[in-house]
Amino acid sequence: MPAPPARLSRGRASRVGGRLALIVALITGVSLVASAALLTVVVPAGAKARDTVRKLGDVPPLQEALPSPPQTSVIYAADGKTVLARLVLDEDRKVVPLRDIPRRVRNAVVAIEDDRFYEHGGIDMRGILRAAVADLRKGSIAQGGSTLTQQYIKKVVTGDSRTLDRKIREAMYAVELERRWSKSQILEAYLNQAYFGDGVYGIATAAQHYFGGKSVRKLTLAEAAALAATVQAPNRLKPTRPKDNKPRRMAVLDRMQERGYASPKAVAKAKREKLKVELHKPKTRQPYFVEYIKQQLLHDPAYDKVLGKEDTERRKRMVFQGGLKVYTTLQPRRQAQARAAIRNQLWNRFGKSGNPTGAVASVDPNTGRILALYGGRENFKRSQVDLATARGGSGFQPGSSFKVFYLVAALEKGITPAQVYNSPARITIPDRRCYTGFNTPWTLGNAGDGEAGVFNMYQATAHSVNTYFAQLAMDVGIERAIETARRMGISVPPRGSEDYRRHWAVCSSVLGVVPVSVLDMASAYGVLANNGVRCPAFSIARIDAPGKQLFERKPNCTRVIEPKIAATVTAMLRGVVTGGTGRAAALPDRPVAGKTGTAQEYQSAFFNGFTPQMATSVWVGFTPKPVPMRYQNGGRPVFGGTFPAMIFHDYMAAALNGAPVEGFPAAPPPPPPPVPPTTKPPPGTKPPGGPKPPGGPKPPPTTRSPNTVIVPGVVGLPIGAARAVLSGSGLGSGLAYTSGRPGRVAAQSPGAGGQLPRGSSVTLMVGRRG
């Protein structure tokens, strides 16, 4: 005879008595499901049970559509296969159909949690009675009696409060669900809903999490048993706690053998198997880009209709728990090429610690799709400032690359490319619109990559002549140019705002003193690449929810510049690459247009360029604290025509490899170069002939100070000879490397014929050896 049960304490007796009361209430509840007429049955199950039974007539029917389990959303690259990130809030779950869950995995869970699952109709009276007997023997609640169906109902409908009301409703709903759904449907829902510890929900996610990213399809019998063992008490029995998990795992295998779910041979092998638990934490690829996507999903009003209003709990739950598949425009190959270009030009030269970093934004100008967006190499956890989008920061000064908006505005106003200004090394602009602090006129000079003399628009653009553009800005009008920048895609603050008035609508804006994002610059230059048609840059191509498509981006392109003007500006920017400050960006056998830019005090530098197929902006500088950028050898400053142009060259050469060569639309022929003014001839001599500079009054004559020298031409010379020539003229020299004949000067900046103060430095673009 079995030993009599131990004497129960008052507390334990109450709990076991509650179990018996629950059994009676459940029987009554199930009867009520079958027939409402049985409400008059009186069951002596205690006052609380009788009260509960009286209330059962008010239990609403089970809703037709049970809530879907929260699932993790996934962000993909443009190929639709490369996973960039999984968005997890508080339930990491991937829902899979039952057909993707092997039978051995299903049977392991059924065997230990509800071995009569395929025999009962929602509640298992035999199981409840067996649990009650075990409770009486142990003197405490020792076994559970809930079926898988009841456990599922508790998860998604009734909650887990320890009350008779809840348990009776749970039982009634379980019976109703069994009538409505097949066993396969219930098991699939349960396996995707169950919790497995570590914030992991669903059998498929648990398989990946605990077993090194393994698919649920490839789980061994031992691994399946380990996960099934976890369900009863996930935080205590999870596979990472082997002392607790192993006994339960062995019980799972024994039960599978008893119920015929696994052969004795298979069970013996599984018991001998050494379980290899390896936590898998999916890595986020491209964290800066992923954060850029995440912030759009959460806050961009463009997605209010499909995701819910921004900054609401519904929107947050949809993004993190809606099981979304977010397909982006990012191309992994081109992203890797952008990173490699920066690494080769910066990291390999300066090293990774405390030295310049870079950012690249590359877009398809014909659609607006963002192809590459490299936001910096900094540790994302330490610095979440995205250098490419300026998210978390304010962007960077574009320097002379902002002049392109003044070119467009000038042509739109009717100023021709033949417009000539005398452009000395330094100039004072007397216009009161440009007066600075202390009521003084604006004085500025040309940068080290500029020239001095008389120029038309083509020449001034090629050589980035600040003093030319300062005069052009006065004729164009500052606000006209700023609004042109807005039209082309620059994020300009609202017109009339304090920020606009104090920082944008100022004369120095022509020199690019207001910070902009690298992505904005790539998008704006893309307007020229697309012959005046703007296709706003975008990064999210499609959003799918389980079973349906929520959103698909279609290019929204509009003409913002007349084709003739776009073609003319493009022709000017081609001159920057073919014979100006951007020679290092040139691609062999492929037309390229672009513009260099250097920030104040050489703290950073830009190159923005394009072909008809791709527009790309490159920025280099120091972060988070900007400091002047200088070469390690010689201490010379870094310009937009050096590292940014070289990074552009390397990236574009790789990204366009194999792409067809496309030409730009034809532009009107450039004007002839202006004839430089001469000093007044001595009395009695005949004035020199030749045409006068068009476009206004004759510029004042220029004279050369004894402290200035004419820059000699050294292109084509060996580097040693070139430096000797410059030194003999009273000028220093510095090196930048580019493609071309090794050891010889491929280009120089400033070019031959310009005037520089004695002791100034000339940058020599030298062909790289090896």
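Worth saying up front: this structure is predicted, and the values here are computed from it rather than measured.

**Q** Where do I start with the confidence of the model for the protein in this structure?
**A** Low pLDDT marks regions whose predicted coordinates should not be analysed in detail. Residues of the protein with pLDDT of at least 70 account for 78%, and the chain-wide mean is 83. In this model residues 679–704 is a low-confidence stretch, pLDDT under 50, and it forms 22 contacts with partners more than four residues away in sequence or in other chains.

**Q** Is there a simple way to explain unusual backbone geometry in this structure?
**A** Trans peptide bonds make up the majority, and among non-glycine residues the majority have a negative phi. In the Ramachandran plot, Asp198 falls in the positive-phi region, its phi being about 60° despite a non-glycine side chain. Among the structural elements, Asp198 can be located in the loop between α7 (183–193) and β4 (200–201). One non-glycine residue, Asp589, lies in positive phi territory at about 60°. By the element assignment, Asp589 lies in the loop between α23 (563–579) and β16 (593–598). Residue classification places Asp589 among the exposed positions, given a relative accessible area of 72%.

**Q** Is there a simple way to explain the state of the cysteines in this structure?
**A** Covalently bonding the sulfur atom of one cysteine to the sulfur atom of another cysteine gives a disulfide. One pass over the full model with this rule turns up two disulfides. Here Cys535 connects covalently by a disulfide to Cys557, the sulfurs 2.0 Å from one another. A torsion of 115° about the S-S bond marks the disulfide between Cys535 and Cys557 as right-handed. Of this pair, Cys535 sits in the loop between β12 (533–534) and β13 (540–545) while Cys557 sits in the loop between β14 (548–552) and β15 (558–559), placing them 22 residues apart in sequence. Residue Cys535 is classed as buried on the basis of its relative accessible area, which comes to 7%. If you count the bonded cysteines of the protein from the N-terminus, they pair up as 1-2, 3-4.

**Q** Would you explain the pattern of salt bridges in this entry?
**A** Side-chain pairs of opposite charge can arise whenever the charged atoms involved come near each other. Applying the stated criterion across every chain yields a total of 27 salt bridges. Glu91 is the salt-bridge partner of Arg93, the closest N and O atoms lying 2.7 Å from each other. Each of the two residues, Arg93 as well as Glu91, counts as buried. We note a salt bridge from Arg502 to Glu498, for which the minimum N-O separation is 3.9 Å. Note that Arg502 and Glu498 are positioned in helix α21 (residues 498–504) at a spacing of four residues, about one turn of the helix. What makes Arg502 exposed here is its relative accessible area of 52%. Of the residues examined, Glu498 reaches a relative accessible area of 45% and is grouped as partly exposed.

**Q** I'm lost on the sheet that holds strand β5 (residues 325–328) in this one. Help?
**A** Adjacent strands of a sheet pair through backbone hydrogen bonds, lying either parallel or antiparallel. Strand order in the open sheet formed by five strands is β2-β1-β5-β13-β14, with mixed pairing between adjacent strands. What marks the edges here is a single partner per strand, and that holds for β2 (83–87) and β14. Adjacent strand axes in the sheet meet at a mean angle of 15° when their direction is disregarded. Across four bridges, strand β1 (residues 73–76) lies against β2 in antiparallel orientation. Across the sheet, the residue bridging to Val74 is Arg86, located in β2. Where helix α13 (residues 287–299) meets the sheet, it contacts β1, β2, β5 and β13, and its direction lies at approximately 45° from that of β2. Most of the contacts of helix α15 (residues 313–321) go to β1, to which it runs at about 65°, and overall it touches β1, β2 and β14.

Parameters and conventions
Residues numbered from 1 in each chain as written. Predicted model: local features only at pLDDT ≥ 70, side-chain atom pairs only at ≥ 80, totals over all residues. Heavy atoms only, no water. pLDDT = per-residue confidence, 0-100. Contact = heavy atoms within 4.5 Å. Helix = DSSP H or I, 4+ residues; strand = E, 2+ residues; numbered from the N terminus. Buried < 20%, exposed > 50% of the residue type's maximum accessible area, 1.4 Å probe, protein only. Disulfide = S-S within 2.5 Å. Salt bridge = Lys/Arg side-chain N within 4 Å of Asp/Glu carboxyl O. Pairing = 2+ DSSP bridges. Axes fitted to C-alpha atoms, helices over the stretch in contact; angles between N-to-C directions.

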